[in-house]
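In case you want the letters, here they are:
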Amino acid sequence: MAESVELPSRLAILPFRNKVLLPGAIIRIRCTSASSVKLVEQELWQKEEKGLIGVLPVRDAAETTSVGSALSPGMGTESGERSPKVRVSTSDSQKVDGINQQELIHWHKRGVAARALHLSRGVEKPSGRVTYIVVLEGLCRFSVQELSARGTYYVARISRLDMTKAELDQAEQDPDLIALSRQFKATAMELISVLEQKQKTIGRTKALLETLPVHRLADIFVASFEISFEEQLSMLDSVDLKIRLAKAMELVDRHLQSIRVAEKITQKVEGQLSKSQKEFLLRQQMRAIKEELGDNDDDEDDVAALERKMQSAGMPPNVWKQAQRELRRLRKMQPQQPGYSSSRVYLELLADLPWQNASEECELDLRAAKERLDSDHYGLVKVKQRIIEYLAVRKLKPDARGPILCFVGPPGVGKTSLASSIAAALGRKFVRISLGGVKDEADIRGHRRTYIGSMPGRLIEGLKRVAVCNPVMLLDEVDKTGSDIRGDPASALLEVLDPEQNKTFNDHYLNVPFDLSKVIFVATANRVQPIAPPLLDRMEVIELPGYTPEEKLKIAMQHLIPRVLDQHGLSSEFLQIPEDMVKLVIQRYTREAGVRNVERNLAALARAAAVRVAEQEQTVPLSKGVHQMATPLMDARLADGGAEVDMEVIPIGVNNHEISNAFKSTSALIVDEAMLEKVLGPPKFDDREAAERVATPGVTVGLVWTSFGGEVQFVEAAAMVGKGDLHLTGQLGDVIKESAQIALTWVRARAADLKLATAGEINLLEGRDIHIHFPAGAVPKDGPSAGVTLVTSLVSLFTQQRVRADTAMTGEMTLRGLVLPVGGIKDKILAAHRYGIKRVILPERNLKDLVEVPSAVRNCMEIVLVKRVEDVLEQAFEGGCPWKQRAKL
Ligand code: ADP
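Heads up: these notes are all about the structure in this document. (Residues numbered from 1 in each chain as written. Predicted model: local features only at pLDDT ≥ 70, side-chain atom pairs only at ≥ 80, totals over all residues. Heavy atoms only, no water.)

### Here we look at the site of the ligand
Around the ligand sit 19 residues in total, of which Gly-412, Lys-415, Thr-416, Arg-563 and Arg-596 are the nearest. Within the backbone of Ser-417, a nitrogen or oxygen atom sits 2.9 Å from an oxygen atom of the ligand. Separating an oxygen atom of the ligand from a side-chain N or O atom of Arg-596 is a distance of 2.6 Å. Taken by itself the ligand offers 560 Å² of open surface, and the protein chains cover 91% of this. Breaking the shell around the ligand down by element, the ones donating at least two residues are helix H14 (415-426), helix H19 (549-567) and helix H21 (596-622). Partitioned by chemical class, the residues of the shell around the ligand number eight nonpolar, six polar and five charged. (Near = heavy atom within 4 Å. Polar contact = N/O pair within 3.5 Å; in protein donor to acceptor, adjacent residues only side chain to side chain. Areas by Shrake-Rupley, 256 points an atom, 1.4 Å probe, with all protein chains shown as cover. Helix = DSSP H or I, 4+ residues; strand = E, 2+ residues; numbered from the N terminus. Nonpolar A, V, L, I, M, F, W, Y, C, P; charged D, E, K, R; others polar.)

Listed below in structure tokens is the structure:
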């Protein structure tokens, strides 16, 4: 312990340049200069027990450099003691030893006695000079009384400055010192705990704090800080304990503060860094996501672009105001906010709607319009005439509130294409809105924007699509709208079609009025009956009945085939469909009022031809010789069930151009029966169906009218053991069920007259049930026109006589046996004609309707007009009704 060290009166002095060794500190010095080597050798190395030397701080006069090394206690940094001769540049003396330079050195008056803890000797390699490495521990302060040279180094007469143990014990009783030392310890402890967080190896210092006396601690702590030379000197000079503690405390506190400030700064920097790094990372991610979505535009730019679009949309002032309000709302919202996208979609719609954008209506040329209608459609003379009248009125009075045209007829008769021809004749755009199955009023008028997933109605949507405010708008299938709890679409349509109201049509989603008055509406329907009467009232119905086979043939030859070929990139050079084959397509593969299936089948033929033509085209450039080239075609033709191949032999050696020309001219594919079967499959229909189906008693051919036009309807009746019940199947409506009841009653009432039963057993249903079925079972049926057919079926069943297979019938019957007229005569006769039926029994009062039937059909059919059910029976059975004579009907 330093307190117990006995200091000699003289000590060899090792100069410590610009550094201070404080008591308690340990330093490591490398001694290389001659004087210091000598000192170490004589004072430490050669002595048996480890001796003491004095370490005295010196300051260069010029303050150029330091002597020795700055070593922290316990640290082993090695630094050479610089030779004095290096520094003495101004000396005239040739001696380079330290002593001769003493006038250049400011010796400090106080130093610290030090003990060598460790000594090691070494030899510098090339010069052979001896050097020492000394580890010194500072022990206690002394003051220099006198400095004198001993050989090459100095020796000083000294007096001890630090107190002895006894003195210390006494001094420590001083309350001021006690308070000070407590304070110092607290500050030191604080510093240690701060340091502890940073480095875990602080344990040793902590232990020292607990064991060492405070005044020594002060030296040790200060020695470990990097403080200026002056501060170190003043610490060395603080012999008084209180002063020393105060100074040390100041230094420790300063160090603590500087650590804290440094920490704060690091934290701040780190925090900022991590925050900005986080932001950077997120932004990068956002960019990546946007890029992935192909959505690179900035939101701000987007809104600005939207506003520009809105400005150029030409909205009326009241709409513009509303749009502005909504835009302001949008600007305040974040894109992630709920409601942003819905608001945006709404504004996009406002900007997209054709508020003023109209297609320029050219001066209507009626003759050109007529030509156009004629070139697009075969026949339909009356319909075309009515359309021309309509257009003529529009020409004379463009804003006339004429009726809305409504084309009514079975599918595929040209309703849609007529409407689009009207648009073309007027030079307007055409948009079709399908109303089939619309039950919700919101489909027409839109949902209010308060609903999630709300959207505008079909009309506004259609206008957005067509992008002009004056298109021809086709309201397709107006008869297919139904009403339920969600509202009545028909009433919404009323508003649309009413010229008084549609100037300010209010779509719920749009919530601003839109002017529909410039739109030309045309409607289509399959049947008139289901159309709501007020709606029907606003429309002018133009009926388009089905086509006769001859008309279909003409339509197919003149319109459908050229169109289909064109659609498939073909021409008659490649594919020819002879008239006979088209007839077969109509007879065997279709049985419809319109021509849609005919068109579909022709398209199938064209597709098959297209494959072959495409194959051939591939082959031509590849072929080197005629044989190779001919092969694929030959194969293709042969594949058609062995149809004869009509190939022209091309001489070898002609150039490619000629080959392909020759190839083209010979390769027109002519459709034949074999190809029909290959492409379209086996025939679907033939004329024998009716005969086969009525081969058993109880089956009759009826004629009905459906939304697909006229149809042939077989009615089947069967009897079985039972309790006299009537069973009806085939999805029948109330009217048809009642007809069945009437028919049965009539037959039962006339059973005896009809010789169906003897007078004794008058009850026809005694012990049996009757079942009447209307195939096809999945199709709903209703209407009164099956009355006569039902009676005939029942009579046929009871008499076990077959009905004539070539006869079909229609007519409502009364309970008294009168036959009443029915509707759709033309369609029904056409349907019978399609089935190959030659005789049709009709109510007499339908005679007037026969003029509508095309003469070609009428001429090849026998029309039998009847007044009473007995007449029907007379005509329906082979050889007439055999019971008539005896019957008192
Ligand atoms: P609809 O709307 O009545 O169901 P479309 O107008 O769609 O029927 O007609 C079906 C196809 O039949 C269309 O390609 C149409 O051009 C054609 N078509 C119908 N009637 C005729 C006709 N009289 N002349 C020429 N093509 C017709």
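### Observations concerning H19
Side chains that are three or four residues apart share a direction in an α-helix, a result of its 3.6 residues per turn. At Ala-556, H19 shows its maximal bend, which comes to roughly 45°. Taken from the residues just after H19, Gly-569 is the one with a positive phi, measuring 65°. (Bend = angle between axes of the 7 residues up to and from the residue.)

### Side note on unusual backbone geometry
A positive phi angle is found at Leu-380, which is not glycine, with a value near 50°. Here Leu-380 is to be found in the loop between helix H12 (366-376) and helix H13 (381-396). Even without being a glycine, Gln-800 presents a positive backbone phi close to 60°. Examined against the element boundaries, Gln-800 turns out to sit in the loop between helix H27 (787-799) and strand S21 (807-809). Owing to a relative accessible area of 52%, Gln-800 belongs among the exposed residues under this scheme. (Buried < 20%, exposed > 50% of the residue type's maximum accessible area, 1.4 Å probe, protein only.)

### Describing the packing of aromatic side chains
Per the stated rule, a full pass over the model turns up five aromatic pairs. Between Trp-45 and Tyr-132 the ring centres are 5.3 Å apart and the planes differ by 55°, which places this aromatic pair in the tilted class. On the criterion of sequence distance, the pair formed by Trp-45 in helix H1 (residues 34-45) and Tyr-132 in strand S6 (residues 130-150) is long-range, its members being 87 residues apart. Taking relative accessible area as the criterion, Tyr-132 reaches 0% and is therefore assigned buried. Here the guanidinium or amino end of Arg-449 rests over the ring plane of Tyr-346, the centre of that ring lying 4.0 Å away. (Phe/Tyr/Trp six-rings, centres within 6.5 Å; stacked < 30°, edge-to-face > 60°. Lys NZ or Arg CZ within 6 Å of the ring centre and 35° of its normal.)

### Digging into the environment of Lys-737
When you line up the elements, Lys-737 lands in helix H26 (residues 734-749). Along the primary structure Lys-737 and Pro-784 are separated by 47 residues, whereas in three dimensions their C-alpha atoms are 9.0 Å apart. Dropping the residues within four chain positions of it, Lys-737 is found in contact with Leu-728 and Leu-732. (Contact = heavy atoms within 4.5 Å.)

### Quick word on the sheet that holds strand S9 (residues 430-434)
An order of S9-S10-S13-S8-S14 is seen for the five strands of this open sheet, with the pairing classed as parallel. Across the chains shown, the open sheet's two edge strands, defined by having one partner strand only, are S9 and strand S14 (539-543). Averaged over neighbouring strand pairs, the angle between their axes works out to 25° when direction is ignored. Pairing analysis gives five bridges linking S9 to strand S10 (residues 472-476), with the strands arranged parallel. Bridge assignment links Ser-434 to a residue of S10, and that residue is Asp-476. Packed onto the sheet, helix H16 (residues 458-466) meets S9, S10 and strand S13 (520-525) and runs at close to 150° relative to S9. (Pairing = 2+ DSSP bridges. Axes fitted to C-alpha atoms, helices over the stretch in contact; angles between N-to-C directions.)

### With respect to the side chain of Thr-792
Relative to the assigned elements, Thr-792 resides in helix H27. Exposure remark for Thr-792: the relative accessible area of 0% places this residue in the buried category.

### Comments concerning H26
The first and last C-alpha atoms of H26 sit 22 Å apart over 16 residues, in line with the 22 Å expected at 1.5 Å per residue. Among all positions in H26, only Ile-736, Ser-739, Ala-740, Ala-743, Leu-744, Trp-746 and Val-747 are buried. Down the axis of H26, the sector holding all buried residues measures 160°, keeping them to one side. When the buried face of H26 is taken as reference, the exposed residues oriented beyond 90 degrees from it are Asp-734, Glu-738 and Ala-749. Each element contacted by the buried residues of H26 is listed here: strand S19 (726-729), H27, strand S22 (812-813) and helix H30 (869-876). (Expected span 1.5 Å × (residues − 1). Arc of directions from axis to C-beta.)

### Topic: the side chain of Glu-43
Checked against the element boundaries, Glu-43 lands in helix H1. Among the polar contacts listed, one links the side chain of Glu-43 to the side chain of Tyr-153, at a separation of 2.7 Å.

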